[in-house]
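Close look at the chain arrangement
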Amino acid sequence: MIYLDNAASTAMHEEIVKEMLPYFCEHYGNPSSIHKIGRVAHNAIHNARKKIASLINAEPEEILLTSGGTESNNAALYGIAYSKKGNHIITSSIEHEAILEPCKQLEKEGFKITYLSVDNQGLVNPDDVKKNISYDTCLVSIMFANNEVGTIQPIEKISKICRQKQVAFHSDAVQAIGKTLIDVKKLNTDLLSISGHKIYGPKGVGALYVKKGLEIIPFILGGGQENGLRSGTENVASVVGLGKACLLAKENFEQNISYLKKLRDILASKIIVEIPHVTYNGHQTQRIPNNAHFTFFGVNGEDLIIKLDENGIAASTGSACSVMTQKASHVLQAMGFSHEKITGSLRLTVGLNNTEEEIIKTVEIIKNVVKELREVSPFKAKYGF
Ligand SMILES: *Cc1c(COP(=O)(O)O)cnc(C)c1O
C-alpha cells in the first residue's frame, strides 16, 4: 500500500515506540505518587513537557497535556468562553470540526460566533478579523494550516491585531506543527493546539499551549493534575511519545520539510502536466509542504478513492469526518468551489515514509484511473475526454 493520507494520521516512528515501551510494564507508576516508581513517571512527564515546549519555543509550564487536537481545541474555546470575558468569538468558516462543533454548542449557550469567509485559495483576510472585533469579543480562533487544502494563514498578522485589540488569540496548529516554523513568542499567540498522531507520535495525546498568565476555565475536573486545568492521571507512555515526536520534529525540521516538499512538488507538477482538466487547489505557495489537493473534472472523488484503494493507494477527499457524514466539504464550499469542482476533489498528503518511486508510481496509477473513470463520466461530452 502506498500511504498518501498523512494528514489523517501518520505511521508511528519506531524510535518513538521504543521510547514509550518502558512506560507500560516497567515504569508504570502514577506520576502523582510520592514513591520512587511514581517519581520516575513524574520525571518522564516533566522531560516530555520540556521537549513539547521547545518545539514551539514555549516554556514547559505553558504546556497543557490533553487527549489530542480535538480536546486541545475544546479546551481553548470553552476555557476562554467560560472565563466570562465576553460573549463573542471570531473564527473562520474553514476550521476543523473540533472547532466548528464546540462553536455551534457555544452558540446554543448564547455566545455569538462570527465565521469569517476565505478567498478562493482558502485565506482569511486579517482586515476582516480587525473589523469584526468588538468590545464583547473574548477570543479569535484561526487555524494555522488547513487540513484539506493545506493553506497557511497569515497568523502573525492576525495575532498582532488581536494583541493590539487585547483579545485572546488561539490557533489550531495540528496540521502545521513540524511542517512550518512555529515560535509562540515571536507570533505572540495565547493558545495553540497540537496533536501527537499527525507528527509520527501516538494517537490520543496532544497539547495546548497556554500563555503564562492567561486564565482558562477547566472542564475536566477531578484530582487536579495539570495545575487543575485538566484532571485525570496522565497518559504517561503517550506523553513520552509526544515528547519524542516533538524532539524529532525539531531536530530534523529543515530536512523533513525539504524532503516532504520535494515529494509533494514532484507529485503536484507531474499530475498537473500529465493529466488534462485538473486544478491544483489551495494557495499555490503558502501551504504546508506535504499537502497536494486537486480537482479532476468529470470524476467523482469518492469513486476515485475507491479505485485508488483497489490499486494500492490510500488517499482522501479531505477530512475524515466529511466522508462519514457524506456532506460536501465545508472548506471547499467556503472557498467558493462549484459543486462539480468539489465532487472531483482529491487530497494527497505525503509523509516521511514515502519514497520518490512511490510518488512516480502513484502518478501513473492516478493517470490510468482518472482516464478509466472519465470514460464513463456524464461529463464526457462536455470536456471531450
Ligand atoms: C486531526 C486534526 C484535529 C484533531 O486532532 P486529534 O488529535 O485527531 O483529535 C484538529 N485539527 C486539525 C486541523 C486536524 O487536522
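Residues numbered from 1 in each chain as written. Predicted model: local features only at pLDDT ≥ 70, side-chain atom pairs only at ≥ 80, totals over all residues. Heavy atoms only, no water.

The subject of this paragraph is the nonpolar core. With 62 residues, the main nonpolar core has Ile56, Val129, Val140, Phe144, Ile182 and Leu192 as its most contacted residues. Each of domain 1 (2-8 + 253-383) and domain 2 (14-251) gives at least three residues to this core. When residues no more than four places from it in sequence are discounted, the contact partners of Ile56 are Ile63, Ile177, Ile182, Asp183, Val184, Leu192 and Tyr209. (Core = buried A, V, L, I, M, F, W, Y, C linked by side-chain atoms within 4.5 Å. Buried < 20%, exposed > 50% of the residue type's maximum accessible area, 1.4 Å probe, protein only. Domains from an automatic or database assignment. Contact = heavy atoms within 4.5 Å.)

Strand order across the open sheet formed by seven strands is β2-β8-β7-β6-β5-β3-β4, with mixed pairing between neighbours. Looking along the sheet, the strands with just one partner apiece sit at the ends: β2 (63-66) and β4 (112-116). Direction aside, neighbouring strands of the sheet carry axes that sit 20 degrees apart on average. With four bridges connecting them, strand β3 (residues 88-92) and strand β5 (residues 137-141) associate as parallel partners. Paired with Ile90 across the strands is Val140, a residue of β5. Against the sheet, helix α3 (residues 36-55) touches β2, β7 (191-195) and β8 (206-210), its axis set at about 115 degrees to β2. Sheet contacts for helix α5 (residues 97-108): β3, β4, β5 and β6 (168-172); angle to β4, the most-contacted strand, approximately 145 degrees. (Pairing = 2+ DSSP bridges. Helix = DSSP H or I, 4+ residues; strand = E, 2+ residues; numbered from the N terminus. Axes fitted to C-alpha atoms, helices over the stretch in contact; angles between N-to-C directions.)

Taken together, 13 residues are adjacent to the ligand, and Thr70, Asp172, Gln175, Ser195 and Lys198 come closest. Within the side chain of Asp172, a nitrogen or oxygen atom sits 2.7 Å from a nitrogen atom of the ligand. Between the ligand and Ser195, the relevant distance is 2.7 Å, taken from an oxygen atom to a side-chain nitrogen or oxygen of the residue. Contact with the protein chains removes 88% of the 380 Å² of surface that the ligand exposes when unbound. Ranked by the residues each element gives to the shell around the ligand, the list is headed by helix α4 (residues 69-81), at three residues. Partitioned by chemical class, the residues of the shell around the ligand number two nonpolar, nine polar and two charged. (Near = heavy atom within 4 Å. Polar contact = N/O pair within 3.5 Å; in protein donor to acceptor, adjacent residues only side chain to side chain. Areas by Shrake-Rupley, 256 points an atom, 1.4 Å probe, with all protein chains shown as cover. Nonpolar A, V, L, I, M, F, W, Y, C, P; charged D, E, K, R; others polar.)

Right, let's get into the domain arrangement of the protein. Domain parsing of the protein yields domain 1 (2-8 + 253-383) and domain 2 (14-251). On a C-alpha basis, the centroid separation for the pair domain 1 and domain 2 is 28 Å. The partner domain 2 presents 34 residues to the 31 residues of domain 1 that form the contact. Of the roughly 2,600 Å² buried at the junction of domain 1 and domain 2 (both faces included), carbon and sulfur atoms supply 55%. Here domain 1 is connected to domain 2 by 13 residue pairs in polar contact (both at pLDDT 80 or more). (Buried area = accessible area lost by both parts, 1.4 Å probe.)

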